[in-house]
Amino acid sequence: MFAQFEDLCKSDDVQLVYVGVPPSRHCDIVLKALQCGKHVLCEKPLALSDEETASMVDAAAKSTYMRFSEAKRGGRCEGRSV
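The present account deals with the structure reproduced in this document. Worth saying up front: this structure is predicted, and the values here are computed from it rather than measured.

Description of the overall build of the chain
The secondary structure content of the chain amounts to three helices and four strands. Walking the chain from its N terminus toward its C terminus, one meets helices and strands in the order α-β-α-β-α-β-β. Residues classed as buried in the chain amount to 30% of the 82 residues present. Taking the contacts inside the chain whose residues are at least 6 apart along the sequence as the reference set, 49% of them involve residues at least 24 apart. Total accessible area on the chain stands at roughly 5,500 Å², and carbon and sulfur atoms take up 50% of it.

What follows is the structure, encoded as structure tokens:
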């Protein structure tokens, strides 16, 4: 358990961050997790604006070996991943 999200991101024991918070927080958390070299699985809706979506997809595309997917009900991933 981590007291701060930043501590989770810094941990070498964490490889994937599941983002299941309200959509208004998705972009900030996804970007921080990608910057820390974590894989990300984010609940839908991905973002509240096209700009937020573009910034997350761009950050994932620039991250070496990082995967970024939208979560879908039933534990399956949406077809979109970067």
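Overview of the packing of helix α2 (residues 26-35) against helix α3 (residues 50-62)
Put simply, α2 and α3 touch, their axes get as near as 10 Å, and they point 10° apart. Between α2 and α3, the interaxial angle falls into the category roughly parallel. Judged by residue contacts, H26, C27, V30, L31 and L34 of α2 engage E52, S55, M56, A59 and A60 from α3. Looking at side-chain class alone, the contact of α2 with α3 contains seven nonpolar, two polar and one charged residues.

How each quantity is defined
- Residues numbered from 1 in each chain as written.
- Predicted model: local features only at pLDDT ≥ 70, side-chain atom pairs only at ≥ 80, totals over all residues.
- Heavy atoms only, no water.
- Helix = DSSP H or I, 4+ residues; strand = E, 2+ residues; numbered from the N terminus.
- Buried < 20%, exposed > 50% of the residue type's maximum accessible area, 1.4 Å probe, protein only.
- Contact = heavy atoms within 4.5 Å.
- Areas by Shrake-Rupley, 256 points an atom, 1.4 Å probe, with all protein chains shown as cover.
- Axes fitted to C-alpha atoms, helices over the stretch in contact; angles between N-to-C directions.
- Parallel < 35°, antiparallel > 145°, perpendicular 65-115°, else oblique.
- Nonpolar A, V, L, I, M, F, W, Y, C, P; charged D, E, K, R; others polar.

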